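# Observations on chain architecture
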Amino acid sequence: MNAKNSKSKSLPIGIFDSGIGGLTVVRAIRRLLPCEDIIYLGDTARVPYGTKSPETVIQFAREDARFLLRQRIKAIVVACNTVSAWALPELERICKVPVFGVIEPGVSSALQRTKNYRIGVIGTNATINSRSYTAAIMAQVKKAKVFAKACPLLVPLVEEGWINHKVTLEVLSIYLKPLLNKNIDTLVLGCTHYPLLKSEIKKITGTEIALVDSAQSCAESVKVKLENRGLLHPSTDRKGNVTVYVTDAPEHFTRLADRFLGSALKTAWKAEL
Ligand code: DGL
């Protein structure tokens, strides 16, 4: 290993999302890689990305990644499914560090779990319109049938804290019934916010349908990829720090963060992109 690589190992992992939802990815990564430092950027000034055009998502993603690169990081994790769907090739082109998205790990996990190769995918309008999940699944298994459904009402419901609310259950049921009618045996939760709805989704899908949590699959894949590149933090007995930046309303972000992060967040700093 060269000296440059040995220094890089101790650098933080940069993670970004359109807003607060990417904290579900931070949570999963912290559980698997507790020694790593993390710098998180949530673009709260411009959220949501899921309703924007591909050009806008790519432009925002570039600016988010450049902010993280200025903080000196060893890798970028794109926690946002919408950005992973549209901007990964562009980010790989402009970043000098490895860039990891959420789609490929979610797809691998779905293909490991499906038996009948009938897979449902839910996400924002932009993610579903990109057909990224469908294309990535079909590229690996031609005979697979993918049933994709945009669920734009779920992000605001989760942010409102309406998790076990009858309205949310009703909305979920309307979105998911058509997928259940297609006899899927696996459902990919292709959005940062959906892991919070897992128990509610299970109430509709039952226990027979495997749910793929894209945050969890992403964390597992980040661990393997950093290990393969010799980039895991050299210490095994330290507790990594999480530093959070947002582009707007840090106090509001801090108040909502624990729901996504699983623990309280003391401070979010204001970022200038
Ligand atoms: N983070 C987005 C995603 O995972 C959801 C929120 C948004 O639309 O920006 O697709």
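Up top you'll find the structure we're talking about.
Remember, it's a predicted structure, so these values are computed and weren't measured experimentally. (Residues numbered from 1 in each chain as written. Predicted model: local features only at pLDDT ≥ 70, side-chain atom pairs only at ≥ 80, totals over all residues. Heavy atoms only, no water.)

## Notes on the side chain of Thr 24
Its location among the elements puts Thr 24 in helix α2 (residues 23-32). You can call Thr 24 buried: its relative accessible area is 6%. In terms of polar contacts, Thr 24 uses its side chain to reach the backbone carbonyl oxygen of Thr 192, at 3.0 Å. Setting aside chain neighbours within four positions, we find Thr 24 in contact with Thr 192, Pro 195, Leu 196, Ala 215 and Phe 260. (Helix = DSSP H or I, 4+ residues; strand = E, 2+ residues; numbered from the N terminus. Buried < 20%, exposed > 50% of the residue type's maximum accessible area, 1.4 Å probe, protein only. Polar contact = N/O pair within 3.5 Å; in protein donor to acceptor, adjacent residues only side chain to side chain. Contact = heavy atoms within 4.5 Å.)

## Quick notes on the pattern of salt bridges
In the structure shown here, the tally under the stated rule is 11 salt bridges. When the shortest N-O distance is used, the salt bridge between Lys 203 and Glu 200 registers 3.1 Å. You can see Lys 203 and its partner Glu 200 sitting in helix α10 (residues 198-205), three residues apart, about one turn around the helix. Overlapping salt bridges bring together Asp 43, Arg 46, Glu 63 and Asp 64 as one network. (Salt bridge = Lys/Arg side-chain N within 4 Å of Asp/Glu carboxyl O.)

## Considerations on the site of the ligand
Not every one of the 13 residues close to the ligand is listed here, only the nearest: Asp 17, Ser 18, Tyr 49, Gly 50 and Thr 82. Contact distances for the ligand include 2.7 Å between an oxygen atom and a backbone N or O atom of Tyr 49. Taking Thr 192, its side chain carries an N or O atom lying 2.9 Å from a nitrogen atom of the ligand. Out of a free accessible area of 300 Å², the ligand has 98% covered by protein chains. Looking at side-chain class alone, the shell around the ligand contains five nonpolar, seven polar and one charged residues. (Near = heavy atom within 4 Å. Areas by Shrake-Rupley, 256 points an atom, 1.4 Å probe, with all protein chains shown as cover. Nonpolar A, V, L, I, M, F, W, Y, C, P; charged D, E, K, R; others polar.)

## Comments concerning the sheet that holds strand β7 (residues 186-189)
Pairing within the open sheet is parallel, and its four strands lie in the order β6-β5-β7-β8. Across the chains shown, the open sheet's two edge strands, defined by having one partner strand only, are β6 (145-150) and β8 (210-213). Mean inter-strand twist for the sheet, computed between neighbouring axes without regard to direction, equals 20°. By the bridge criterion, four bridges tie strand β5 (residues 118-123) to β7 in an arrangement that is parallel. Of the residues in β7, the one forming a bridge with Ile 122 is Leu 189. Across the sheet, helix α5 (residues 103-113) is in contact with β5, β7 and β8; its angle to β8 comes to roughly 160°. Sitting on the sheet, helix α9 (residues 166-180) touches β5, β6 and β7, and the angle it makes with β6 is about 165°. (Pairing = 2+ DSSP bridges. Axes fitted to C-alpha atoms, helices over the stretch in contact; angles between N-to-C directions.)

## Some thoughts on the packing of aromatic side chains
Tallying each qualifying case throughout the model produces three aromatic pairs. Between Tyr 40 and Phe 253, the aromatic rings sit 6.3 Å apart at their centres with planes inclined by 35°, giving tilted as the arrangement. In this pair, Tyr 40 is assigned in strand β2 (residues 38-42) and Phe 253 in helix α12 (residues 250-261), connecting sequence segments 213 residues apart. Overall, the relative accessible area of 0% leaves Tyr 40 in the buried class. (Phe/Tyr/Trp six-rings, centres within 6.5 Å; stacked < 30°, edge-to-face > 60°.)

## A word on the packing of α9 against α10
Running from N to C, α9 and α10 point in directions that differ by 50°, and their axes come no closer than 9 Å. With respect to α10, the axis of α9 lies oblique. The handedness of the crossing between α9 and α10 comes out as right-handed. Facing α9, whose interface residues are Leu 169, Leu 172, Ser 173, Leu 176 and Leu 180, α10 presents Glu 200, Ile 201, Lys 203, Ile 204 and Thr 205. (Parallel < 35°, antiparallel > 145°, perpendicular 65-115°, else oblique. Left-handed = near helix turned anticlockwise from the far one by under 90°.)

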